Amino acid sequence: SQELEQSPQSLIVQEGKNLTINCTSSKTLYGLYWYKQKYGEGLIFLMMLQKGGEEKSHEKITAKLDEKKQQSSLHITASQPSHAGIYLCGADLNNRLAFGKGNQVVVIP
Amino acid sequence: DGGITQSPKYLFRKEGQNVTLSCEQNLNHDAMYWYRQDPGQGLRLIYYSQIVNDFQKGDIAEGYSVSREKKESFPLTVTSAQKNPTAFYLCASSIAAGGYNEQFFGPGTRLTVL
């Protein structure tokens, strides 16, 4: 069974619009990572969240970890073509980094 | 520049042949990992190594083998026993083992079996 569920699986947004993607676990998350991947390339680290209620921002991307530490959301403000790609969440589960299946984001002009 | 390199970027092999994928890091990281990624799937752990001369099986180790003779290098061999080897392979490293340590990823190798 998938330990990390990401939703929606894919998302198409118009350039300039905001979007939110989610990563959910049935277990408490100790260390939640967000990575971005362009097709056929490696993963680029975006940010890491550890504390319940924590929120971090980088440029137009904001990620939050809920108080219960079982769900994280990633919000992109005023999306641009450079935001297109696959967003993967990873978390420390059973002392390993487990990954969700990813959210595919497409930005159309 | 510090980082992780994987070679080659694209690899083709015939059925029944073994093939070795290279992974090198100059980050002075103790831990290294190999993942497999299939379309629409997340990353699945094949093997990992916490320190030189030591490695453990991940979730899908069957048909794969690794070695860790040097801290900088963690090559992955895809053997003929792997029934469905066509996939995108990613190597990663972290300063130490454990899911709480950020992993740095290489650019990946796409293996196609003809």
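Look above for the structure.
The shown structure was predicted, so the numbers you read here are calculated from the model rather than taken from an experiment. (Residues numbered from 1 in each chain as written. Chains lettered and ligands numbered in written order. Predicted model: local features only at pLDDT ≥ 70, side-chain atom pairs only at ≥ 80, totals over all residues. Heavy atoms only, no water.)

Quick word on the side chain of Gln103 of chain B
All names here are of chain B.
Reasoning step 1: Looking at the element boundaries, Gln103 is found in the loop between strand 9 (87-94) and strand 10 (104-105).
Reasoning step 2: A residue is classified by how much of its surface remains accessible, and Gln103, at 2% relative accessible area, is buried.
Reasoning step 3: Only 2.8 Å separates the side chain of Gln103 from the side chain of Tyr35, close enough to count as a polar contact. (Helix = DSSP H or I, 4+ residues; strand = E, 2+ residues; numbered from the N terminus. Buried < 20%, exposed > 50% of the residue type's maximum accessible area, 1.4 Å probe, protein only. Polar contact = N/O pair within 3.5 Å; in protein donor to acceptor, adjacent residues only side chain to side chain.)

Observations concerning the state of the cysteines
All names here are of chain A.
Reasoning step 1: Going through the model one piece at a time under the given rule, you end up with two disulfides over all chains.
Reasoning step 2: The disulfide bridge from Cys23 ends at Cys89, spanning 2.0 Å between sulfur atoms. Linking Cys23 and Cys89, the disulfide has an S-S dihedral of approximately 70 degrees and is accordingly described as right-handed. In this pair, Cys23 sits in strand 3 (residues 19-25) while Cys89 sits in strand 9 (residues 85-93), placing the two residues 66 residues apart along the sequence. (Disulfide = S-S within 2.5 Å.)

Digging into the interface of chain B and chain A
Size of an interface: often given as the accessible area lost when the parts come together.
Reasoning step 1: Chain B puts 24 residues into the contact, and the matching count from chain A is 18 residues.
Reasoning step 2: Interface area for chain B against chain A, summed over the two sides, is near 1,600 Å², with a carbon-plus-sulfur share of 50%.
Reasoning step 3: At the boundary of chain B with chain A, the tally comes to zero salt bridges.
Reasoning step 4: Here chain B and chain A share six residue pairs in polar contact (both at pLDDT 80 or more) between them. (Contact = heavy atoms within 4.5 Å. Buried area = accessible area lost by both parts, 1.4 Å probe. Salt bridge = Lys/Arg side-chain N within 4 Å of Asp/Glu carboxyl O.)

A short note on the pairing of strand 10 (residues 96-99) of chain A
Residues and elements named next belong to chain A.
Reasoning step 1: In the sheet, strand 9 pairs with strand 10 via four bridges, with the strands oriented antiparallel. The residue bridging Ala91 from the neighbouring strand is Ala98, located in strand 10.
Reasoning step 2: Hairpin remark: strand 9 followed by strand 10, antiparallel, with two residues in the connecting loop; positive phi at Asn94, about 55 degrees. (Pairing = 2+ DSSP bridges.)

Any link to function would need more than the numbers given here.
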